[in-house]
Amino acid sequence: MSRQAPRHYLQFSDLDREEYAYLFRRSSLIKARFKRYEMHQPLVDRTLAMIFEKHSTRTRLSFEAGMHQLGGAAIYINTRDSQLGRGEPIEDAAQVFSRMVDLVMIRTYGHDIVERFAAHSRVPVINGLTNEFHPCQVLADVFTYIEHRGDIAGKVVAWVGDANNMLYTWLQAAAILGFRVHFSGPAGYGVDLQRAGYPVTEAERACLGCFDDPLQACEGAHLVTTDVWTSMGYEAENAQRMRAFQGFMVDTRMMARADPQALFMHCLPAHRGEEVQGEVIDGPQSVVWDEAENRLHVQKALMEFMLLGQLPD
Ligand code: CP
Ligand code: NVA
C-alpha cells in the first residue's frame, strides 16, 4: 500500500509566506479564544509524542499544555528513561513512535537526527530545537513582533552575540517574510555562510548585514535580540566563549541606537550580565514574557495546521 509522505516542520523554510500569514492569523484567533476561556478542541483523541534529548522548560510546557488545550494528549519521553539512551536506532524509533501517535516533536543535537527520524515517520515531525535550527521559537518571535508593531516586512532585526541555531533560523525567516538581519558577534563566532550541511542560501545572504561593532548593528533596528553565548551541547567551550563574547552584551547604549520604537527579545533562558544587561531585559522595551507565552499559541496553530490543514475562521 503506498502512503503519502507526511509534511514536517524541521526548518523555518518548510513553510511559505502564505502559510505563515495563515498561521499568524490562526494564532491570534486561538490566543483570543484562550484568553476568553473558550474551549478550542479540534484535536480530540490525537496524541503528540515529545522526545527530549536536551533540557527544556518552555518547549515542553507549551507543547504539552497546548496539546491538552486542543483536546489531545501529549507524552513526554527523554533519552535517559527510554531506549533512545541505550542506542536504539533513530530510524527504528521513528517507525514505532509514528505507529502509535499522530504527531512527534523532537529536541535533539544534530539536525540530521530529526531529518532521519522524519524520513522514517508516518506522521508529521516538528523540530523543537536542534544545534542548527529552532523554528518554533522564531515563529513565536515574529508573531510577537507583529502583535506589538504590525508587519515585520521591511524591518531590521539586530542580532548581537553568537551565530547559533536561533540566528540561522532568523535568517530563514528574513528571506521568507522580507526583513533584514543585522548581525554582530566576535571574531570566530560569526555567521558561517558555508555551514556544513546547511549553508546560508543566496536569498538569506541578501537579507544579512554583518557588523564588527554591535552599536552599528543596532543602529535604527526595529527589534534587538540575542541569545545565550553557550548553547546546549557546547558547554565544554563555555570558559573560552565567556572571554570571547566580552563587549557583546546587549545594553542600554545599544538599545538607544535602535529605533525609538524598538523591541527587545530573547528566547530564554537568559543570563543577565552576560548576553543581556538586566536593565534591558527587565526594561520597557522588552517583550520577553509575551514572547515566551506566544510559544503556546503559535504551536497550537502549528499542530492544528499540521494535522488538519488550513481551517476557516
Ligand atoms: N526558548 C526555549 O526553547 O526554551 P526552553 O529551552 O526552556 O524550551
Ligand atoms: N541557542 C540556545 C537556545 C535555547 C532555547 C540553545 O540551543 O541552547
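Residues numbered from 1 in each chain as written. Chains lettered and ligands numbered in written order. Predicted model: local features only at pLDDT ≥ 70, side-chain atom pairs only at ≥ 80, totals over all residues. Heavy atoms only, no water.

K.L.:
What's the story with the overall build of the chain in this structure? I'm lost.
P.N.:
Summing up its helical and strand segments, the chain has twelve helices and nine strands in all. Its C-alpha atoms give the chain a radius of gyration of 19 Å, near enough to 20 Å, the size a compact globule of 313 residues would have. A principal-axis box enclosing the C-alpha atoms of the chain has dimensions of 60 × 45 × 35 Å. Taken across its 313 residues, the chain has 54% of its residues classed as buried. In the chain, the share of contacts with a sequence separation of at least 24, taken over all contacts with a separation of at least 6, comes to 75%. When the accessible area of the chain is evaluated, it comes to approximately 13600 Å², of which 51% is carbon and sulfur surface. Across the chain, the 31 positively charged side chains and the 40 negatively charged ones have centroids separated by 4 Å. (Helix = DSSP H or I, 4+ residues; strand = E, 2+ residues; numbered from the N terminus. Rg over C-alpha atoms; globule rule 2.2 N^0.38 Å. Buried < 20%, exposed > 50% of the residue type's maximum accessible area, 1.4 Å probe, protein only. Contact = heavy atoms within 4.5 Å. Areas by Shrake-Rupley, 256 points an atom, 1.4 Å probe, with all protein chains shown as cover. Lys, Arg positive; Asp, Glu negative; His and termini not counted. Charge placed at Lys NZ, Arg CZ, Asp CG, Glu CD.)

K.L.:
For this particular structure, what's the right way to read helix α2 (residues 58-69)?
P.N.:
For an α-helix the count is 3.6 residues per turn, leaving residues at separations of three or four pointing the same way. Helix length check: α2 (twelve residues) gives 16 Å between terminal C-alpha atoms against 16 Å at 1.5 Å per residue, within 8%. Within the span of α2, buried status applies to Thr59, Ser62, Phe63, Gly66 and Met67. Around the axis of α2, the buried residues are gathered within 115 degrees of arc, so they sit on the same side. Opposite its buried face, α2 presents the exposed residues Leu61 and His68, each directed more than 90 degrees away. Along its buried surface, α2 packs onto β1 (47-52), β2 (73-78), β3 (103-107), β4 (125-127), α5 (135-149) and α12 (288-308). (Expected span 1.5 Å × (residues − 1). Arc of directions from axis to C-beta.)

K.L.:
What should I look at first to understand the nonpolar core in this one?
P.N.:
Within soluble globular proteins, side chains that are nonpolar tend to cluster in buried spots. Counting 60 residues, the largest nonpolar core has Tyr9, Tyr20, Ile126 and Trp170 as the members making the most contacts within it. The leading source of residues in this core is helix α6 (residues 165-177), at nine residues. In this structure, Tyr9 is in contact with Asp14, Leu15, Tyr20, Val125, Ile126, Asn127, Pro135, Cys136, Leu139, Leu302 and Met306, ignoring residues within four places of it in sequence. (Core = buried A, V, L, I, M, F, W, Y, C linked by side-chain atoms within 4.5 Å.)

Shape is all these values report; function is a separate question.
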